[in-house]
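These are the residues of each chain, in order.
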Amino acid sequence: MALAHLHWDMPVGSTLTLGLDRGDHEEGRVDRLRDVVVGAGFAVQDVTVEDRSIRARASRQRTLPDTVGPGMRLLVCGLNPSLYAADAGVGYARPGNRFWPAARAAGVVERDRDPVDALLHHGMGMTDLVKRAATGASGLTAAEYRAGAARVERLVRWLRPGAVCFVGLAGWRATVDPRAAAGEQAAGFGGVPAYVMPSTSGANAHARLDDLADHLRAAAALSR
């Protein structure tokens, strides 16, 4: 969350330098640092290891930072941020998107478009399968899907949320099961229960607000 706040405060393209103690497990710490920095919305330019320290240099990207932490009841994973959301600093920020109205109707959150309050007071974290913001998902590549799914799985295995909910079937079908239907996924994801729900975009006219709220309520109910 410290990196998320830095991301919100920094202009796109500015440089961030991080240093931390290497500890006794150099390789694991370097890999974890890369994942955390990428998840916070930065592009890692280089990582150097010197004596007992690790130093990373990264640049702030036009995307969204993860809002995640230990003790999450539910981790919500979108496909990728829209440019509108990236510039607003909030996922699903466009007025026509039904995510926040559905989340409030489901009792998952109370405050509208407030990912920090959602995490701190309701245990709902947020990330994206692909960090690159775009006007749509049509330009995302298979390599981006694979790398993103691997990063999110490592995040889930590390922080152990009660459950993870993928918003939109496209990402899950591209990386896990091409024939998946909305609902709980039998195999789970990263060792925790997984749920896939329809897109909350206003363009998805087939999904009603009440239905989206039911999906989020069912996903949250999987939390152990």
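Residues numbered from 1 in each chain as written. Predicted model: local features only at pLDDT ≥ 70, side-chain atom pairs only at ≥ 80, totals over all residues. Heavy atoms only, no water.

Novice: Where do I start with the overall build of the protein chain in this structure?
Specialist: Check the secondary structure of the protein chain and you find 8 helices and 8 strands. In summary, the protein chain has a C-alpha radius of gyration of 17 Å against a globular reference of 17 Å for 224 residues, a match within 12%. The C-alpha extent of the protein chain, read off along each of the three principal axes, is 55 × 35 × 35 Å. Out of the 224 residues in the protein chain, the part that is buried amounts to 50%. (Helix = DSSP H or I, 4+ residues; strand = E, 2+ residues; numbered from the N terminus. Rg over C-alpha atoms; globule rule 2.2 N^0.38 Å. Buried < 20%, exposed > 50% of the residue type's maximum accessible area, 1.4 Å probe, protein only.)

Novice: What should I look at first to understand the sheet that holds strand 6 (residues 164–167) in this one?
Specialist: Sheet strands pair via backbone hydrogen bonds, and the direction of the pair is either parallel or antiparallel. Across the sheet, 5 strands lie side by side as 5-4-6-8-7; this open sheet has mixed pairing. Each edge of the open sheet carries a strand with a single partner, namely strand 5 (124–128) and strand 7 (183–189). Strand-to-strand twist of the sheet, defined as the mean angle between neighbouring strand axes without regard to direction, takes the value 25°. Inspection of the sheet shows strand 7 paired to strand 8 (residues 192–197) by 4 bridges, in the antiparallel sense. From the neighbouring strand, Gln185 faces strand 8, where its bridge partner is Ala194. Each of strand 4 (74–78), strand 6 and strand 8 is contacted by helix 8 (residues 209–221), which is oriented at about 175° to strand 8, the strand it contacts most. (Pairing = 2+ DSSP bridges. Axes fitted to C-alpha atoms, helices over the stretch in contact; angles between N-to-C directions. Contact = heavy atoms within 4.5 Å.)

Novice: Looking at this structure, how should I read the pattern of salt bridges?
Specialist: Opposite charge on two side chains lets them pair, provided their charged atoms get close. Across all of its chains, the model carries 11 salt bridges by this definition. Here Asp211 ties to Arg208 by a salt bridge, and the two come within 3.2 Å at their closest N and O atoms. By relative accessible area, which is 28% here, Asp211 ends up partly exposed. For Asp214, the salt bridge is made with Arg217, and the minimal N-O distance between the two is 2.7 Å. Of the two residues, Asp214 and Arg217 both sit in helix 8, 3 residues apart, roughly one turn of that helix. (Salt bridge = Lys/Arg side-chain N within 4 Å of Asp/Glu carboxyl O.)

Novice: Which parts of the structure should I look at to understand the sheet that holds strand 3 (residues 53–60)?
Specialist: Taken in spatial order, the 3 strands of this open sheet run 1-3-2, and their pairing is antiparallel. Looking at which strands have only one partner, the edges of the open sheet turn out to be strand 1 (15–21) and strand 2 (42–50). Here the average twist between neighbouring strands, direction ignored, is 20°.

Novice: Can you walk me through the side chain of Gln185 in this structure?
Specialist: Relative to the helices and strands, Gln185 is located in strand 7. Owing to a relative accessible area of 9%, Gln185 belongs among the buried residues under this scheme. Of note is the side chain of Gln185, whose polar atom sits 3.1 Å from the backbone oxygen of Ala181. One polar contact links the side chain of Gln185 to the main-chain carbonyl oxygen of Gly183, over a distance of 2.8 Å. (Polar contact = N/O pair within 3.5 Å; in protein donor to acceptor, adjacent residues only side chain to side chain.)

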